[in-house]
Amino acid sequence: MAILRAREEGATFGAIAEAAGTSSQAVQEIVRRHGPVKRSEPKSEVADPV
């Protein structure tokens, strides 16, 4: 989860890899497989009435 959060917040694959002690390719694969962090608050799809 820390890798996904760091990536979501804009950290580069290289910076995350260095901090985690792994390769940037491994970080890229983790992000690809596990995708963006899910938020507990659902987005509102209803437009505001005008």
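The rules behind the values
Residues numbered from 1 in each chain as written. Predicted model: local features only at pLDDT ≥ 70, side-chain atom pairs only at ≥ 80, totals over all residues. Heavy atoms only, no water. Helix = DSSP H or I, 4+ residues; strand = E, 2+ residues; numbered from the N terminus. Buried < 20%, exposed > 50% of the residue type's maximum accessible area, 1.4 Å probe, protein only. Areas by Shrake-Rupley, 256 points an atom, 1.4 Å probe, with all protein chains shown as cover. Contact = heavy atoms within 4.5 Å. pLDDT = per-residue confidence, 0-100. Axes fitted to C-alpha atoms, helices over the stretch in contact; angles between N-to-C directions. Parallel < 35°, antiparallel > 145°, perpendicular 65-115°, else oblique. Nonpolar A, V, L, I, M, F, W, Y, C, P; charged D, E, K, R; others polar. Salt bridge = Lys/Arg side-chain N within 4 Å of Asp/Glu carboxyl O.

A.B. asks: Residue-level account of the overall build of the chain, with values.
C.D. replies: The helix and strand inventory of the chain stands at three helices and zero strands. For the chain, buried positions account for 14% of its 50 residues. A total of about 4,400 Å² of accessible surface is found on the chain, and carbon and sulfur atoms cover 53% of it.

A.B. asks: Residues and numbers for the environment of Ile3, please.
C.D. replies: Examined against the element boundaries, Ile3 turns out to sit in helix 1 (residues 2-8). Expressed as a C-alpha distance, the spacing of Ile3 and Ala20, which sit 17 residues apart in the sequence, is 8.2 Å. Ignoring sequence-local partners within four residues, the contact set of Ile3 consists of Ile16, Val27, Ile30 and Val31.

A.B. asks: Let's hear about the confidence of the model for the chain: which residues, and what values?
C.D. replies: Averaged over every residue, the pLDDT of the chain is 83; the share at 70 or more is 70%. Ranking the elements of the chain by mean pLDDT puts helix 1 last with 93 and helix 2 (residues 13-20) first with 96.

A.B. asks: Just give me the short version of the packing of helix 2 against helix 3 (residues 24-34), but keep the residues and values in it.
C.D. replies: The packing of two helices is summarised by the inter-axis angle and the distance between the axes. Here helix 2 crosses helix 3 at 105°, and the two axes come no closer than 8 Å. In terms of orientation, helix 2 and helix 3 fall into the roughly perpendicular class. Across from Phe13, Gly14, Ile16 and Ala17 in helix 2, the residues of helix 3 making contact are Ser24, Val27, Gln28 and Val31. Split by residue class, the contact of helix 2 with helix 3 holds five nonpolar, three polar and no charged.

A.B. asks: Explain the pattern of salt bridges to me, using residue names and the numbers behind them.
C.D. replies: A complete count under the given rule lists two salt bridges for this structure. Arg32 is the partner of Glu29 in a salt bridge, and the nearest nitrogen-oxygen pair spans 2.6 Å. Highlighted residues: Glu29 and Arg32, both in helix 3, separated by three residues, approximately one helical turn. In this structure Arg32 comes out as exposed when scored by relative accessible area, which is 59%. Taking the shortest distance from any N to any O, the salt bridge between Arg33 and Glu29 comes out at 2.6 Å.

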